[in-house]
Amino acid sequence: MTLLDPEKALQSGPRREASLCAVWFGVRAEVTRGMYLASGLGLMLFKYAVEAGLLYYFTQNLLTPWYFFNPVFGVRIELLQPAPEWVAWTMFWWTLPFVWIALSMSVRRAADAGFSPWFGVLVLIPVVNFFIMGFLAILPSVPRSNWTFSDSTEIEHRNVRPNYQQMLLAIGVGLLVGLAELGLSVYFFDLYGASLFFGTPLLMGAISAFIYNRPHAQSLARTMGVVGLLMLVAGGVLLLFALEGAICIAMAAPLVLPLGFIGGAIGKAIADSTGTSVRHTISLLLILPVLTGAESLYRPSPEYMVLTTVEIDAPPEIVWPYVVQFPDLSAPDEWYFQAGIACPLRARIEGHGVGAVRYCEFTTGTFVEPITVWDEPSRLAFDVTEQPDPMLELSPYHHVHPPHLDHHTLNSRRGEFRLIGLPGGRTRLEGRTWYTFEMFPQGYWTLWSDSTIHRIHLRVLRHIKQLAETE
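The numbering scheme is per chain: residues are counted from 1 as the chain's sequence reads. Two thresholds apply to this predicted model, a pLDDT of at least 70 for residue-level local features and 80 or more for giving and counting side-chain atom pairs, whereas whole-chain, interface and lining totals are computed over all residues. Side-chain numbers come from the whole structure's heavy atoms, not from hydrogens or water.

Caption draft 1: Up close: the nonpolar core. Counting 126 residues, the largest nonpolar core has Leu 103, Val 319, Leu 429 and Ile 464 as the members making the most contacts within it. Numbered from the N terminus, helices here are DSSP runs of H or I no shorter than four residues, and strands are runs of E no shorter than two. Among the elements that take part in this core, helix H6 (residues 85-112) stands out by supplying 13 residues, more than any other. Contact criterion: two residues are considered in contact whenever any of their non-hydrogen atoms come within 4.5 Å of each other. Setting aside residues up to four positions removed in sequence, Val 319 forms contacts with Ile 312, Ala 314, Leu 419, Thr 427, Leu 429, Ile 464 and Ala 468. Residues belong to one nonpolar core when they are buried, are Ala, Val, Leu, Ile, Met, Phe, Trp, Tyr or Cys, and are joined through side-chain atoms within 4.5 Å. Buried residues are those whose accessible area, probed at 1.4 Å on protein chains only, stays under 20% of the maximum for their type, while exposed residues exceed 50% and partly exposed ones sit between those limits.

This is the structure:
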């Protein structure tokens, strides 16, 4: 990834102007340092303004630059917790086009400066990306670099019939990249980090697309088909060898599939460029183990809180006994509980007051909850000292227990119930759970965990409401 000899890189001919849309969303338009710097600053300010406005509108919280630039995206989700659930999902999907623009432009900016296009992929590494973008923003252009991307008409002219042997090789190599990173990250470092969920699908797509297009350029549609087939095969292998269950694979799909296709588009563009060597491509694979090792040294565990409320047509004195303990709930009708998500069944307590121990039984096991606050009939608070698995995985096998279930990647820390008296002898019942989630990106995975915990809360609170109102 070193600069080319300027004498060899210089070629005659003027640069062609490209539209802003081609610069941002294409893969072939040249990106000069002026374009790169102006687009980067402009899009960053635009993204910040929209997210800050959205956050303030729904939560009255301010999105400071510290939260905006923090590589732990989960800290921004903490600010979003008072907002409706769909706002967090909207911000996730809103971010993907900016990921594409940053990656695509960085790859072409590296090529424009005489570096291997693969150098631009380093922009995906958290923290390091700020230095990479700054470096690319100051490098001068090398006129007609040896890495110039081919014109789209030339690519269409060179299209050949599908190469099925090359397709199998591309899928096989991409699958090996994914399995190697899974083994290194999960089974060696015990880490579910950015390298696994962010870097791995993107590089799997990029490497497979590069290999598929390396001998002869294939169409973009065929290339995306190969990348999609690779992701499907990877999911099948995880199920076949009992490495994961169907629920976790389905939850990861909205994150890894777009990244895989983004990587595929970049890999094809690099394969179509002139002068691309396999040596540079192989060196790119070193990014994953280096990033995984660096991540293992620092594992942030921000704490999150989920609040759910119901209003009950009964005074707090009537509601309180059912908060402390409640009889069996009816069988769940919701599909997510039937699919294996931990479902509350009943609660019992041993003792009275602070120091008593509450046992909340779920379909996957029992939560052990020592009471820390007993303020009858207003507040019941407790710690969580033992907890069961958050789900029973769907799998062809009887027993599937991936490491993230064994090590309790999702950890409930404490909880509480608040009973607030309302006019007319009514009660607002609030349920809160504080938890940590050690999966990156926390901002994505907590969308699922917040939603799941909220539904567990609702099942319990509605049961208490029914019992109190019946009495």
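Caption draft 2: Main features of empty space enclosed by the protein. Both cavities and pockets are sets of points on a 1 Å grid over the protein atoms alone; in a cavity a 1.4 Å probe fits but cannot get out, in a pocket the set is open with protein on both sides within 12 Å along at least five of seven lines, and lining residues sit with an atom within 4 Å of a point. Grid points are joined across faces, edges and corners, and a volume is the space filled by probe spheres set on the points. Scanning the entire structure with this criterion turns up two cavities of 30 Å³ or more. In this structure, the second largest cavity occupies an estimated 30 Å³ of space. Taken together, the residues of the lining of the second largest cavity break down into six nonpolar, no polar and one charged. Each residue receives one of three labels: charged for Asp, Glu, Lys and Arg, nonpolar for Ala, Val, Leu, Ile, Met, Phe, Trp, Tyr, Cys and Pro, and polar for the others, Gly being one of them.

Caption draft 3: Looking closely at the pairing of strand E2 (residues 344-350). Pairing between E2 and strand E3 (residues 357-362): six bridges, direction antiparallel. The residue of E3 that forms the bridge with Arg 346 is Glu 361. Between any two strands, pairing holds if DSSP finds at least two bridges.

Caption draft 4: Representation of the packing of helix H9 (residues 164-188) against helix H11 (residues 220-240) in the model. Each axis is a line fitted through C-alpha atoms, and for a helix only the stretch in contact is used; angles between axes span 0 to 180 degrees, taken between their N-to-C directions. Viewed as axis vectors pointing N to C, H9 and H11 meet at an angle of 45°, and their least axial separation amounts to 9 Å. It follows that H9 is oblique to H11 by the angle criterion. The element H9 and its partner H11 pack so that their crossing is right-handed. Across the interface between the two elements, Met 167, Ala 170, Ile 171, Gly 174, Leu 175, Leu 179 and Leu 182 from H9 touch Val 226, Leu 229, Leu 230, Val 233, Ala 234, Val 237 and Leu 238 from H11. The residue makeup of the contact of H9 with H11, split by class, is 13 nonpolar, one polar and no charged. Oblique is the label for every angle not falling under 35 degrees (roughly parallel), over 145 degrees (roughly antiparallel), or within 65 to 115 degrees (roughly perpendicular). For a crossing to be left-handed, the near helix must be turned anticlockwise from the far one by less than a right angle; the clockwise case is right-handed.

Caption draft 5: Quick peek at the sheet that holds strand E4 (residues 365-375). Pairing is antiparallel in the open sheet, where seven strands are placed in the order E1-E7-E6-E5-E4-E3-E2. If you trace the sheet from one side to the other, it starts and ends with strand E1 (303-312) and E2, each paired once. Between one strand axis and the next, the sheet turns by 25° as a mean value, whatever way the strands run. Packed on one face of the sheet, helix H15 (residues 316-324) meets E1, E2, E3, E4, strand E5 (379-383), strand E6 (410-422) and strand E7 (426-437) and runs near 165° to E6. Contacts from helix H18 (residues 442-470) reach E1, E2, E3, E6 and E7, with the element oriented near 25° to E1.

Caption draft 6: Spotlight on the pattern of salt bridges. In the sections that follow, a salt bridge refers to a side-chain nitrogen of Lys or Arg positioned within 4 Å of a carboxyl oxygen of Asp or Glu. The final tally for this structure, using the stated rule, is 16 salt bridges. The partner of Arg 432 in a salt bridge is Glu 416, and the shortest N-O contact between them spans 3.4 Å. One end of the pair, Arg 432, is in strand E7; the other, Glu 416, is in strand E6, and 16 residues separate them in sequence. For the pair shown, Arg 432 and Glu 416 are each scored as buried. Between Glu 430 and Arg 432 there is a salt bridge whose closest N-O contact spans 2.8 Å. For the pair Glu 430 and Arg 432, a shared accessibility class is recorded, and that class is buried.

Caption draft 7: Structural view of the packing of helix H12 (residues 246-272) against H18. At a minimum axis distance of 11 Å, the contact between H12 and H18 shows a crossing angle of 145°. Remark: the crossing between H12 and H18 carries right-handed chirality. Mapping the contact onto sequence places Met 251, Ala 252, Pro 254 and Leu 255 in H12 and Tyr 444, Trp 445 and Trp 448 in H18.

Caption draft 8: Layout of the environment of Ser 301. For Ser 301, the location among the structural elements is in the loop between helix H14 (287-296) and E1. Residue class for Ser 301 comes out partly exposed when judged on its relative accessible area of 33%. Sequence separation between Ser 301 and Met 439 is 138 residues; the distance between their C-alpha atoms is 8.8 Å. Each residue touching Ser 301, except ones within four places of it in the same chain, is listed here: Thr 436 and Glu 438.

Caption draft 9: Spotlight on H12. Taking 1.5 Å per residue as the helical rise, H12 with its 27 residues ought to reach 39 Å, and the 36 Å between its terminal C-alpha atoms agrees with that figure. Burial of H12 is extensive: 20 of the 27 residues sit out of reach of the surface. For a helix, the expected span equals 1.5 Å multiplied by the residue count minus one.

Caption draft 10: Representation of the packing of aromatic side chains within the structure. Here a pair means two rings of Phe, Tyr or Trp (six-membered ring of Trp) with centres within 6.5 Å. Their orientation is stacked below 30 degrees between planes, edge-to-face above 60, and tilted elsewhere. Taken as a whole and judged by the stated rule, the model has 18 aromatic pairs. Measuring from ring centre to ring centre gives 5.9 Å for Phe 115 and Phe 135, while their planes differ by 85°; the resulting arrangement is edge-to-face. Taken as a pair, Phe 115 in the loop between H6 and helix H7 (128-138) and Phe 135 in helix H7 lie far apart in primary sequence, 20 residues in all. Residue Phe 115 is classed as buried on the basis of its relative accessible area, which comes to 7%. The exposure class of Phe 135 is partly exposed, given its relative accessible area of 33%.

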